[in-house]
Each structure stands twice: as C-alpha cells, then as structure tokens.
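Examining the three-dimensional arrangement
For reference, the chains in residue letters:
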Amino acid sequence: MRPVAQLLYNKFVVVLGDSIQRSVYKDLVIILQRDAYLSLSQLKSKGEFSFEQDCLVEGGRLGQMNNGTAYREVRQYRTDHHLIRFYFVTQVFSRYVESILADFEQGIKPDLVIMNSCVWDISRYSRHWALEYKENLNKFFMKLKTILPEESLVVWNMTMPLGKKILGGFLVPEIEHMGPSLRFDVIEANYFGATLANKFGFDVLDLHFQFRFSLQHRMKDGVHWNAVAHRKITCLLLEHVAQAWGVELPKLDQINADNRPPLPENHSWQTATSSAPARYPGPVWTQGQRMVNGFRSQYCHDDLPPHMTAGYQSFERETFYRGANNSAAAPNWPVNNLVMKQKHRKPSTRERLHPYRY
C-alpha cells in the first residue's frame, strides 16, 4: 500500500475553502490513486460532475455556475478505506458554514479538517473587513471546537502570496480597485487567522512563508498556483499530519523491499551481488547544476514532470447526501501497517516554541 494511502487509511478528511483549497482536495484525490500531477485543465475546472472517480454532491453543474458569493460546490471521493470531502466556501463563518458544521455534528466526525478562508472575506463583503473577519474567525473556531472531538486534527492553511496584478474570477469589476492592495491585506488577515487558530489550539501551516520564494509557480492571474506547487502543499500537509499523529512513514528502502518480487529457490547470493540494486544515497548534484531554494532548476519553471504509471485501484462507493444519515460512509478496518510512535496530544497542552501573539 502506498504511504499516503496508509497515512489516511480509514480517515475522514474534510477540506474547506476557496479554489486554492479545491486544488488541495484534488491533489489529495489524485495522489491516493497514482503518481501523477494535476493537469492544467483539472486545476482550472470547477463544478464538474466527476473528477478522478469522485462525485459532485451539491452545487457546481448541478446548480447555477457563477463567480458570486452564493456559489456552492460539495465534492466527495470515497473508497472502502478513504473518505475525502470538499466544501467550497467564500466566508469563514456564515449560515452556509453553520450548515456544514451541522453535518459534522449530526454525522460522522472528521479525523482531519483542512481549512482556509481569506481572500473572499477581505474583498467581497466589506471594505472595512478586519473587525468582521476577526469576529467570524472567532465564531468559526469556537463552534468547531465544541463539535469536534479532541482527537480530531484541524489545520489552518495560511493564505499564499498574491501577485501585484490580480485577474481572479472573484475580483469582479466593482472591487477591481482593491487588487493592488490585496496582497498586503492578506498578510494582515493571515496574522489574524494564525493568531486565533493558535489560541483555540488548532494547528497552523504557514503557506505564505513556505512559498515566498516560489513565486515562479504562481499562475499569471496572481492568485492560483500550478501543479508542482500544489504537490508541495500536499507534501507539507501530509508531513505535518504524520508528525501530529505520531506516525512514522516507511522509508524508501523499506518500500522498495516490500514491492520487490520474492527470490527464486535456486537463487545464489554470490552470483546476484553484481545485479543487486544500489541503495539510494540521496540527491547528487552535478557540477554546474543550478540550485534555487534547495531545488534543482527543473522545479523552478512551469513545465511539469512526466506522469508516472497508475498503481492503485479505487472501488465503487455510495452517494453522500447532505442532511441524511451517512454514518456508514467511512467503514472501519483494523489493518494499518504504519508505526504509531505516540498519540496526538491535546491541543490545549501542545507545546509551541514560537506562539503567535494577538
């Protein structure tokens, strides 16, 4: 089994947010099935009936497609051992978000919640957004704290850097004048979100810091990011989740050994020494090879690596209906080959070396 599939084995993952978080959801779905990157059309598409064997539950092409604040889109990817759901939201706390939290309260509780809501909040609802945004953040975190059990992990994704010139679909003509200043407003809003998330004991992933020197992977619209950036986001999220859950992922040598076919009975170690595969020594940089931010030059442009072959098969799944009893949507199986190092500590007692200060 793939390490990603093992880490999320029998886990209910929920992703809430805008189009950036939708691509986070899509990259999780595709990496669970095969070693491939999101295509440009997959990154730009929204509201499609099906993406990589997931299903559109609500909104999208089932309703009216638009770029307004009332746009809805609920997607779900389900197999026998994985359940990932995405909710498109344009405001961190609203009546619609309350209905989503009611789904959690009445149905199965998510094991992992990945959340971000910022750009729409600070641009589409009020010019004087700071006070309302802080109040909505406080309401959302407080409600989430009361609904979810202590063992659920909540990760607040900080908003990624915006460009000087923004051409996003959310930037309607009425607020085009706000475009040049949004990248500065995002920094202030990130401070509010990270501070309050930390106050309520939730985890914070600072994507703004992580991608401050990776602007070559940002799209020309100044808002969205390419598939290489989203794969890095996925890796950062999974690494953070593994550390929070105390899970030790298998090493590369162990994965190769598990996938290697058994040796024949008449195999001779003396004759096979020269043909044995060498152990992976780590990255080797040739002389004159350009390095940018710790990565080779091939990762510093928009050309994507070639797709690898598929190695995972998903299965048929039942349809999820909002407001219905979906308690059987995440079956429980006791098998998991990952090594549990320690349980996730309570957020209230988790140590923070560099806490945010409000």
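As a reminder, the structure under discussion sits directly above these lines.
Presented here is an overview of the structure given in this document. Just so we're clear, the structure is a prediction, and the values are computed from it rather than from any experiment.

Remarks on the side chain of Gln76
Residue position: Gln76 is located in strand S3 (residues 73-78). Given a relative accessible area of 2%, Gln76 falls into the buried group.

Let's talk about unusual backbone geometry
For Asn10, which is not a glycine, the phi torsion comes out positive at approximately 60 degrees. Position of Asn10 relative to the elements: it lies in the loop between helix H1 (3-7) and strand S1 (11-17). When its relative accessible area of 18% is taken as the criterion, Asn10 is described as buried. The backbone of Glu52 shows a phi angle near 50 degrees, a positive value even though the residue is not glycine. Topologically, Glu52 is positioned in the loop between helix H3 (40-44) and strand S2 (55-59).

Considerations on empty space enclosed by the protein
The rolling of a water-molecule-sized probe over the atoms marks out the regions of remaining empty space. Scanning all chains against the criterion turns up 4 cavities of 30 Å³ or more. Approximately 100 Å³ is the volume attributed to the largest cavity. Lining the largest cavity are Asp18, Ile20, Gln21, Asn116, Val119, Met158, Thr159, Met160, Pro161, Leu162, Val223 and Trp225. Of the residues belonging to the lining of the largest cavity, the class tally is 8 nonpolar, 3 polar and 1 charged.

Concerning the nonpolar core
Nonpolar side chains tend toward joint burial in soluble globular proteins. Ranked by size, the top nonpolar core spans 48 residues in total, and within it Tyr133, Phe140, Phe141 and Trp156 carry the most contacts. Of all the secondary-structure elements, those providing two or more residues to this core are S1, S2, strand S4 (82-88), helix H4 (95-106), strand S5 (112-115), helix H5 (130-147), strand S6 (153-157) and helix H6 (179-199). With 7 residues, H6 is the largest single contributor of residues to this core. Those residues within four positions of Phe141 in sequence are excluded, and the remaining contacts are Trp156, Gly193, Leu196, Ala197, Phe200 and Phe202. Grouped together as the second largest cluster of nonpolar side chains are 46 residues, Leu7, Ile31, Tyr71 and Ile233 included.

Scoring rules and cut-offs
Residues numbered from 1 in each chain as written. Predicted model: local features only at pLDDT ≥ 70, side-chain atom pairs only at ≥ 80, totals over all residues. Heavy atoms only, no water. Helix = DSSP H or I, 4+ residues; strand = E, 2+ residues; numbered from the N terminus. Buried < 20%, exposed > 50% of the residue type's maximum accessible area, 1.4 Å probe, protein only. 1 Å grid on protein atoms, 1.4 Å probe; cavity = no way out; pocket = protein on both sides within 12 Å on 5 of 7 lines; lining within 4 Å. Points joined across faces, edges and corners; volume = space filled by probe spheres on them. Nonpolar A, V, L, I, M, F, W, Y, C, P; charged D, E, K, R; others polar. Core = buried A, V, L, I, M, F, W, Y, C linked by side-chain atoms within 4.5 Å. Contact = heavy atoms within 4.5 Å.

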